[in-house]
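Here is how the chains run, residue by residue.
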Amino acid sequence: MMRSYLIALAGSATLIVGCAPMDDGATSAAAAAAGDATPEERTAYVAMAGSSDLYEIQSGQLAQQKAQRDELRQFGQMLVQHHTQTTQQVMSAARSAGMNPPPPSLTPMHRRMLDDLQQASGAAFDNLFVRQQIQAHEMALGLHQNYARNGDAPPLRTAANSAVPIITQHLERARQLD
């Protein structure tokens with residue numbers, strides 16, 4: 001079922017995944033499907049990693065402003081800090097791989113997710129934020145793991161591999177917050 005949500009746009013090399021709330025089984029299926037559909041080409045990987053990090057930074061900033069639960073505000077702060085660092089690492093690795101990477105920009109999926117968060121408030125915001133964090137980190141984990149194994153640029157493979165434990169930590173924390 002999740003494969004029906006995945007659409008790789010050849011021209012822009014972005015991944016769009018449906019944002020419907022998922023249970024743990026569906027989330028795992030989404031991660032597996034995302035791993036199968038993630039790019040192994042440097043330009044597409046950098047674009048997708050940039051969108052993922054930018055979503056995490058902006059959603060973390062929203063959590064710091066809007067979350068009712070203090071632990072979600074703290075999690076949001078951690079997301080901003082860590083994903084700012086992973087963005088810097090990927091951009092540096094891209095330059096080492098001979099690229100001139102553009103600044104990160106959001107895919108339509110990440111834009112919709114942020115729009116949904118901006119419209120939510122109170123307990124609805126908290127619940128949506130946590131569900132989105134689980135989904136987004138499952139997808140990011142698949143992206144970085146796949147590129148670390150199969151990517152076409154060694155400096156970017158190293159950056160992807162460095163991102164995996166950070167994303168794993170965030171995913172575990174998001175599941176605890178659910």
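Further up the page is the structure itself.
The model shown is predicted, which means the values in this text are computed figures rather than measured ones. (Residues numbered from 1 in each chain as written. Predicted model: local features only at pLDDT ≥ 70, side-chain atom pairs only at ≥ 80, totals over all residues. Heavy atoms only, no water.)

Asks: I'm lost on the packing of helix α5 (residues 122-150) against helix α6 (residues 154-177) in this one. Help?
Replies: How two helices pack is summed up by the angle between their axes together with the distance between the axes. Axis separation between α5 and α6 bottoms out at 8 Å; the angle between their running directions is 155°. Looking at the two axes, α5 sits roughly antiparallel to α6. You can see that α5 and α6 cross each other, and the crossing is left-handed. Split by residue class, the contact of α5 with α6 holds 14 nonpolar, 7 polar and 3 charged. (Axes fitted to C-alpha atoms, helices over the stretch in contact; angles between N-to-C directions. Helix = DSSP H or I, 4+ residues; strand = E, 2+ residues; numbered from the N terminus. Parallel < 35°, antiparallel > 145°, perpendicular 65-115°, else oblique. Left-handed = near helix turned anticlockwise from the far one by under 90°. Nonpolar A, V, L, I, M, F, W, Y, C, P; charged D, E, K, R; others polar.)

Asks: Looking at this structure, how should I read the packing of aromatic side chains?
Replies: For any pair of aromatic rings, the description consists of the separation of the ring centres together with the inter-plane angle of the planes. Inspection of the entire model under this criterion finds 3 aromatic pairs. For the pair Phe75 and Phe129, a centre-to-centre distance of 6.1 Å together with 75° between the ring planes defines the contact as edge-to-face. Of the two residues, Phe75 is situated in helix α3 (residues 70-96) and Phe129 in helix α5; the sequence distance between them amounts to 54 residues. With respect to class, Phe75 is no different from Phe129; both count as buried. Between Phe125 and Phe129 the ring centres are 5.9 Å apart and the planes differ by 10°, which places this aromatic pair in the stacked class. Here the residue Phe125 and the residue Phe129 both occupy positions in helix α5, the gap between them amounting to 4 residues, near one helical turn. (Phe/Tyr/Trp six-rings, centres within 6.5 Å; stacked < 30°, edge-to-face > 60°. Buried < 20%, exposed > 50% of the residue type's maximum accessible area, 1.4 Å probe, protein only.)

Asks: Where do I start with the side chain of Thr38 in this structure?
Replies: Tracing the backbone through its elements, the reader meets Thr38 in the loop between α1 (24-37) and α2 (42-66). Its relative accessible area of 6% is what places Thr38 among the buried residues. Here Asn146 takes part through its side chain, which lies 2.7 Å from a polar atom of the side chain of Thr38. Leaving out residues up to four positions away in the same chain, Thr38 has contacts with Gly142, Leu143 and Asn146. (Polar contact = N/O pair within 3.5 Å; in protein donor to acceptor, adjacent residues only side chain to side chain. Contact = heavy atoms within 4.5 Å.)

Asks: Help me understand the nonpolar core, please; the structure alone is not making it clear to me.
Replies: For soluble globular proteins, the rule of thumb is that nonpolar side chains tend to be buried together. Membership of the largest hydrophobic core comes to 28 residues, with the highest contact counts inside it found for Tyr55, Leu72, Phe75, Leu117, Phe125, Phe129 and Val130. Breaking this core down by element, the ones donating at least two residues are α2, α3, α4 (108-119), α5 and α6. In terms of residue count, α5 provides more of this core than any other element does, 9 residues in total. Leu117 has contacts with Tyr55, Ser59, Leu62, Lys66, Phe125, Leu128, Phe129 and Gln132, leaving out every residue within four places of it along the chain. Within the second largest apolar cluster, 15 residues are counted, among which are Tyr45, Met48, Val90 and Ala160. (Core = buried A, V, L, I, M, F, W, Y, C linked by side-chain atoms within 4.5 Å.)

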